[in-house]
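Descriptive analysis of the structure
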Amino acid sequence: WSAERLYAEAKEEASLGNYERAGKLYERLEGRASGTALAQQAQIERAYMLYKSADKAQALSVLERFIKLHPTSAALDYALYLQGLINFNDNQGMLASLAQQDLSERDQQASRDSYQSFKQLVDQFPQSLYADDARVRMNYIVNALAAYEVHVARYYYRRGAYVAAANRAQTVVSEFQQSPSAQEALFIMAQSYDKLGLPELRDDADRVLRRRFPDTTLHTD
């Protein structure tokens, strides 16, 4: 088969939902058209087929190789977007919904990886068709990461691990200042320092809490 026929067949299989078959055709096309723009397109399409086939790890591996080998490709913005999207959706997967588990309660490495991909996209290609959506997702990820840290801080506090609770809350205050979770993080810090018998640190945290959130009802007595 010619490269053009391989591409047409792959597109047809993909349109029918035969993602595994389409992915194999794109892989053949990548080898057949090596060194051409069509080969790059095939590599990107193959990554998407792997993603649709629920082979996240292999899809990310293909994208990582593409980004490394083709830093000047016209499709680099889409590759970064797809890389971010795969990790973003992985951290909101079906299992979380079935378990009624909030995103903030799950391991956040996929979210962090997703954020970095979207950030690179926005920084390098601010006018990309995918940039606006990437920014929205970045904001969501930041709030989710902050909520996760507060969730962990709350967990430690309830179990009497006040140093650990204060440290996790401090992460939110220093790294996610604009997040809605910053208010509770400051409160947990103040409460933790109070339990640890550190009145100066407690008062500092409480003062910042009152200044940044003047209407808060969360404060130490």
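Residues numbered from 1 in each chain as written. Predicted model: local features only at pLDDT ≥ 70, side-chain atom pairs only at ≥ 80, totals over all residues. Heavy atoms only, no water.

Regarding its fold elements, the chain presents eleven helices and zero strands. Secondary structure elements in the chain, listed N-terminal to C-terminal, are α-α-α-α-α-α-α-α-α-α-α. Burial analysis of the chain (221 residues in total) assigns 42% to the buried set. Of the contacts formed within the chain by residues at least 6 apart in sequence, a portion of 50% connects residues at least 24 apart. For the chain, the computed accessible surface area is about 12300 Å², with 48% contributed by carbon and sulfur atoms. On the chain, the mean spot of the 26 positive side-chain charges and the mean spot of the 29 negative ones are 2 Å from each other. (Helix = DSSP H or I, 4+ residues; strand = E, 2+ residues; numbered from the N terminus. Buried < 20%, exposed > 50% of the residue type's maximum accessible area, 1.4 Å probe, protein only. Contact = heavy atoms within 4.5 Å. Areas by Shrake-Rupley, 256 points an atom, 1.4 Å probe, with all protein chains shown as cover. Lys, Arg positive; Asp, Glu negative; His and termini not counted. Charge placed at Lys NZ, Arg CZ, Asp CG, Glu CD.)

This part covers the confidence of the model for the chain. In this model, the chain carries an average pLDDT of 89, and 90% of its residues clear a pLDDT of 70 or more. Segment residues 93-100 is flagged for pLDDT under 50; beyond a separation of four residues in sequence, or across chains, it makes three contacts in the model. (pLDDT = per-residue confidence, 0-100.)

This next bit is on helix 4 (residues 56-69). Here helix 4 spans 20 Å end to end across 14 residues, near enough to the 20 Å set by a 1.5 Å rise per residue. Within helix 4, the full set of buried residues consists of A59, L60, V62, L63, F66 and I67. One side of helix 4 carries all its buried residues, which in axial view fall inside an arc of 160°. Helix 4 presents A57, E64, K68 and L69 as exposed residues on the side facing more than 90 degrees away from its buried surface. (Expected span 1.5 Å × (residues − 1). Arc of directions from axis to C-beta.)

A few words now on the pattern of salt bridges. In total, this model carries 14 salt bridges according to the counting rule given. In this structure, R202 and D194 form a salt bridge, with 2.8 Å as the shortest nitrogen-oxygen distance. According to the relative accessible area criterion, R202 is buried, its value standing at 19%. We note a salt bridge from D204 to R207, for which the minimum N-O separation is 2.8 Å. Taken together, the residues D204 and R207, both in helix 11 (residues 199-212) and three residues apart, mark about one turn of the helix. Given the relative accessible area of 48%, R207 is considered partly exposed. Because the salt bridges share partners, they merge into one network encompassing R112, E149 and R168. (Salt bridge = Lys/Arg side-chain N within 4 Å of Asp/Glu carboxyl O.)

With that settled, the discussion passes to the packing of helix 10 (residues 182-195) against helix 11. Contact pair helix 10 / helix 11: the axes reach a minimum separation of 8 Å and the direction vectors enclose 160°. In this view, helix 10 runs roughly antiparallel relative to helix 11, as classed from their interaxial angle. When you trace helix 10 past helix 11, the crossing you get is left-handed. On helix 11, the residues that touch A182, Q183, L186, F187, M189, A190, Y193 and D194 of helix 10 are L201, R202, A205, D206, V208, L209 and R212. Within the contact of helix 10 with helix 11, the residues separate by chemical class into ten nonpolar, one polar and four charged. (Axes fitted to C-alpha atoms, helices over the stretch in contact; angles between N-to-C directions. Parallel < 35°, antiparallel > 145°, perpendicular 65-115°, else oblique. Left-handed = near helix turned anticlockwise from the far one by under 90°. Nonpolar A, V, L, I, M, F, W, Y, C, P; charged D, E, K, R; others polar.)

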